[in-house]
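As a plain string of letters, each chain reads:
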Amino acid sequence: MKKYFTLYIALLNLFSFNSYSQQSQLKSADKKYTNLAYIDAIKTYERVAEKGYQSADMYKKIGNSYYFNGELESAAKWYSQLFAMNTDVEPEYYFRYSQSLQSIGENQKANEMQQLFRQKIGITDKSMNYLDQIKANSGRYQIENAGINSQYSDYGTAKYGNKIVFATARDTGSLSHRIHSWNNQYFTNLYTSELAEDATLSKPEPFDDAVKSRFHEATPVFTKDGKTMYFSRNNFLKGKKGKSQDKTTLLKIYRAYAVDGLWTNVTELPFNSDQFSTAHPALSPDEKTLYFASNRPDSFGESDIYKVQINEDGSFGTPINLGNSINTIGRESFPSITEENEMYFASDGQPGLGGFDIFVTKINPDGTFTDVQNVGESVNSAKDDFAYFIDTKTRRGFFSSNRSGGQGSDDIYQFLETKRLRCEQELYGEITDENSKELLPNTTISLYNKQFDLLNTIVSDSKGNYSLKVDCDQDYYVRAEKTEYNTKEQKISISKLDGRTYLPIALEKTKCKVTIGDDLGKCFGIKNIYFDFDKYNIRVEAAIDLEKILIVLTDNPGMKLDIRSHTDSRGTFKYNEILSGNRAKATIQWLIKNGVNPNRLTAKGYGEAQLVNHCSDGVSCTEEEHQLNRRSEFIITAL
């Protein structure tokens, strides 16, 4: 992409030549490079290189000049010269070389450079399977030229009512047009085009002279009511041009208001600075957060994505870097937030196909992000692809690219997404009382990933139902919390396919209310006191459950229990009666041994006499159905 809107920090060092004439040429080139007059700098550096002079610093600068202008094929040529010198270079050059190699199809060598880059920045995972991941995400779009492009740069689409607004460097015939030294293109202005129901676009027209300046305007975003606009512009307001310490007019974000159909009261946002660039605003669905790109001093790389809170009075909080799960040593820019709280953004630091690729991540309720995914070919290419916008209802949208076959240096493309990237599931169920089976409304449901990061929190509805959107092929933990009930957490594995996953949750009351005739064991979920097969000595697992009964008896000295042991129908009737009787007696003996007065306890074995289902002798039943009949009961006979 032509780099007049891509943010970065160029780290440059002067170098010397043996001959006076070479020193003079390089000093001239360095001056032009610092002022971002890349085209002239490239010519000068290349002439010096053609004379046979080799310098790592020079190769860096020639490579960077091409790289930052999106000419990755030429960048690859000069970065190869740099690496052929076998000198120690900064990690970012491994990264840039990798991206440039991808653009010319040298994927194996690109992977090698990417691995070396990851090693140098401390990432030891060498499973470079990102090309396979990109392939899996590809083929999901129908793409066509948007039909509004010119021979100049056109990019950065925003929705405004039934129109789109975009930036363009097209020549409107004005003699006062200024040309930018980065790429000999005109400065961009905002244009608009009506979007018809059949997705066709009308002939573009200038957007509004009130926000037009002598410099760049681009990448606007509008509030839903259409009354407020945030947009990018060079550091220029009310006829005054601001400059950084190195005399560069950087980018800032401005805000304007619509009054009687006209945009007015253009002001710059307070977190801008003359010393770094701030651009490409995007609004959260609730319009309380503004996302943007910047090369602020705390950025990880050449440009990062940030967010800032918009207060009710229109003021702003403190910008926050989105962190290294999003931002890299490379460039992250052009954020776009959907109504589904997904963030699309352009990056050349995340693993991609070359240059800028478009990526997507889900913004969780707590502000964290799901795994970043490359949206795949054909939206992404070996060139720069950026400024992605999608209507989540129609799945139609726009993106910008400088790929081959376009009309200008950057073009706007229109797309229809035919298949969602993320395989999504609905995790649903109802919350009930474990004993009464009563539905429990207003239960708090929290969703955690396998690292136990909180992803979402909801409340069950009036019928105790809940529903959560989750990703396929993932493990989650679902936690249910309600007053007077014990909190319960269950793990659930989600299918690899789209669909629904059912997870009912039954909660135990914190304080179990019992009366004469109730089964005390149900308060603790004791369904059976387990014995070894064909035996009746108390096992460790059984002792743990009996300890619960013992404590209740100790705390309630007036309570008496009738202990009943049951078997399934397998075995003879007489044998099951004797076995269950012995097990009931063993249970009593354990309680007496641990201090319970024998007068408070009775016991009987019922064998298979009181089956709870149809699984009598000769009936074919599953093991689970037989298990229902193998049970222990602790019936309260007195309180």
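Residues numbered from 1 in each chain as written. Predicted model: local features only at pLDDT ≥ 70, side-chain atom pairs only at ≥ 80, totals over all residues. Heavy atoms only, no water.

If you look at the biggest cluster of nonpolar residues, it comprises 22 residues, and the most contacted ones within it are Tyr-79, Leu-82 and Phe-83. For this core, the secondary structure elements donating two or more residues are helix H3 (56-67), helix H4 (72-84), helix H5 (91-103) and helix H6 (107-120). Sequence-distant contacts of Tyr-79, defined by excluding residues within four places in its chain, comprise Lys-60, Gly-63, Asn-64, Tyr-67, Tyr-93, Arg-96, Tyr-97 and Ser-100. In this structure, Ala-543, Ile-549, Leu-553 and Ile-563 belong to the second largest nonpolar core, which totals 21 residues. (Core = buried A, V, L, I, M, F, W, Y, C linked by side-chain atoms within 4.5 Å. Buried < 20%, exposed > 50% of the residue type's maximum accessible area, 1.4 Å probe, protein only. Helix = DSSP H or I, 4+ residues; strand = E, 2+ residues; numbered from the N terminus. Contact = heavy atoms within 4.5 Å.)

Turning next to the pattern of salt bridges. Inspection of the entire model under this criterion finds 23 salt bridges. A salt bridge links Arg-395 to Glu-340, with the nearest nitrogen and oxygen atoms 3.9 Å apart. In this pair, Arg-395 sits in the loop between strand E22 (385-391) and strand E23 (396-401) while Glu-340 sits in the loop between strand E18 (332-337) and strand E19 (342-347), placing the two residues 55 residues apart along the sequence. Take Glu-340: its relative accessible area is 27%, and that puts it in the partly exposed class. (Salt bridge = Lys/Arg side-chain N within 4 Å of Asp/Glu carboxyl O.)

The next point concerns the packing of H4 against H5. One way to put it is that H4 packs onto H5 with a least axis distance of 8 Å and a crossing angle of 135°. Relative to H5, the element H4 lies oblique. Judged by the sense of rotation from one axis to the other, the crossing of H4 with H5 is left-handed. Residues Leu-72, Glu-73, Ala-75, Ala-76, Tyr-79, Ser-80, Leu-82 and Phe-83 of H4 pack against Tyr-93, Tyr-94, Arg-96, Tyr-97, Gln-99, Ser-100, Leu-101 and Ser-103 of H5. Its residues assigned to classes, the contact of H4 with H5 comprises ten nonpolar, four polar and two charged. (Axes fitted to C-alpha atoms, helices over the stretch in contact; angles between N-to-C directions. Parallel < 35°, antiparallel > 145°, perpendicular 65-115°, else oblique. Left-handed = near helix turned anticlockwise from the far one by under 90°. Nonpolar A, V, L, I, M, F, W, Y, C, P; charged D, E, K, R; others polar.)

Among the surface-exposed residues, Arg-214, Lys-241, Lys-243 and Lys-247 lie close enough to one another that they form a single positively charged patch. Relative to the assigned elements, Lys-243 resides in the loop between strand E11 (240-241) and strand E12 (251-259). Given the relative accessible area of 40%, Lys-243 is considered partly exposed. (Patch = residues over 30% accessible without salt bridge, like charges linked within 9 Å, V, L, I, M, F, W, Y side chains within 5 Å. Areas by Shrake-Rupley, 256 points an atom, 1.4 Å probe, with all protein chains shown as cover. Lys, Arg positive; Asp, Glu negative; His and termini not counted. Charge placed at Lys NZ, Arg CZ, Asp CG, Glu CD.)

One number sums up the size of the largest pocket: a volume of about 1300 Å³. If you trace the largest pocket, you find 38 residues lining it, with Thr-370, Arg-422, Asp-471, Gln-474 and Tyr-476 closest to the centre. Counting residues per element, the ones that place at least two in the lining of the largest pocket are strand E26 (444-449), strand E27 (454-459), strand E28 (465-471) and strand E29 (475-481). Element by element, the count of residues in the lining of the largest pocket is highest for E28, at three residues. Taken together, the residues of the lining of the largest pocket break down into twelve nonpolar, ten polar and 16 charged. (1 Å grid on protein atoms, 1.4 Å probe; cavity = no way out; pocket = protein on both sides within 12 Å on 5 of 7 lines; lining within 4 Å. Points joined across faces, edges and corners; volume = space filled by probe spheres on them.)

The next subject is the environment of Phe-634. Mapped onto the secondary structure, Phe-634 falls in strand E35 (residues 632-638). When the C-alpha atoms of Phe-634 and Lys-560 are compared, they prove to be 9.4 Å apart, with 74 residues separating the residues in sequence. Setting aside anything within four residues of it in sequence, one finds Phe-634 in contact with Asp-518, Asp-519, Leu-520, Gly-521, Ile-526, Ile-529, Leu-546, Ile-549, Leu-561, Asp-562, Ile-563 and Thr-587.

Here H5 contains 13 residues, and its C-alpha end-to-end distance of 19 Å stays within 8% of the 18 Å for a straight helix at 1.5 Å per residue. Counting buried positions over the 13 residues of H5 gives twelve, a clear majority of the element. Listing the buried residues of H5 in full gives Glu-92, Tyr-93, Tyr-94, Phe-95, Arg-96, Tyr-97, Ser-98, Gln-99, Ser-100, Leu-101, Gln-102 and Ser-103. After H5 finishes, the residue Gly-105 shows a positive phi value of roughly 80°. (Expected span 1.5 Å × (residues − 1).)

Here the focus is the environment of Gly-239. Along the chain, the position of Gly-239 falls in the loop between strand E10 (236-237) and E11. Judged by relative accessible area, Gly-239 falls into the exposed class, the value being 56%. Note: C-alpha distance between Gly-239 and Ser-213 (26 residues apart in sequence) is 8.4 Å.

So, on to the sheet that holds strand E16 (residues 304-309). The antiparallel open sheet is built from four strands, whose spatial order is E14-E15-E16-E17. The sheet is open, and its two edges are formed by strand E14 (278-283) and strand E17 (320-321), each paired on a single side. Of the strand pairs in this sheet, E16 and E17 are connected by two bridges, and their pairing is antiparallel. When the bridges of E17 are listed, Tyr-306 appears paired with Asn-321. (Pairing = 2+ DSSP bridges.)

What follows covers unusual backbone geometry. A cis amide bond, omega 15°, links Glu-377 with the succeeding residue Ser-378. The backbone phi angle of Lys-247 is positive, close to 70°, even though this residue is not glycine. Topologically, Lys-247 is positioned in the loop between E11 and E12. By relative accessible area, Lys-247 is classed as exposed at 62%. For Asp-260, which is not a glycine, the phi torsion comes out positive at approximately 55°. Classification of Asp-260 by relative accessible area gives exposed; the value is 79%.

On to the environment of Lys-227. In this structure, Lys-227 sits in the loop between strand E8 (217-222) and strand E9 (228-234). Considering only alpha carbons, one finds Lys-227 and Trp-263, 36 residues apart in sequence, at a separation of 8.7 Å. The contacts of Lys-227, once residues within four sequence positions are left out, are Ala-256, Tyr-257, Ala-258 and Trp-263.

To continue, consider the state of the cysteines. What the rule picks out here adds up to one disulfide. The side chain of Cys-615 participates in a disulfide bridge whose partner is Cys-621; the two sulfur atoms lie 2.1 Å from each other. Between Cys-615 and Cys-621, the disulfide has an S-S torsion of -105° and is therefore left-handed. On the basis of relative accessible area, Cys-621 is assigned to the buried category, the value being 18%. (Disulfide = S-S within 2.5 Å.)

With that out of the way, let us pick up the confidence of the model for the chain. Mean pLDDT over the chain stands at 84; residues scoring 70 or higher make up 87%. Taken element by element, the predicted model of the chain shows its lowest mean pLDDT in strand E4 (residues 179-180) (46) and its highest in E16 (98). Note on residues 35-39: pLDDT is under 50 here. Beyond four places in sequence and across chains, it has 18 contacts. Counted against residues more than four places away or in other chains, residues 172-184, with its pLDDT under 50, gives 34 contacts. (pLDDT = per-residue confidence, 0-100.)

With that settled, consider the packing of H3 against H5. Between H3 and H5, whose axes approach to 11 Å, the crossing angle comes to 50°. For the element pair H3 / H5, the angle class is oblique. At the point where H3 passes H5, the crossing takes the left-handed sense. Within the contact between the two elements, H3 uses Lys-60, Asn-64 and Tyr-67 and H5 uses Tyr-93, Phe-95, Arg-96, Gln-99 and Ser-100. The residue makeup of the contact of H3 with H5, split by class, is three nonpolar, three polar and two charged.

Attention now goes to the side chain of Ser-273. Note that Ser-273 resides in the loop between strand E13 (262-268) and E14. Its relative accessible area of 19% is what places Ser-273 among the buried residues. Of the polar contacts made by the side chain of Ser-273, one reaches the backbone nitrogen of Gln-275; its length is 3.0 Å. (Polar contact = N/O pair within 3.5 Å; in protein donor to acceptor, adjacent residues only side chain to side chain.)

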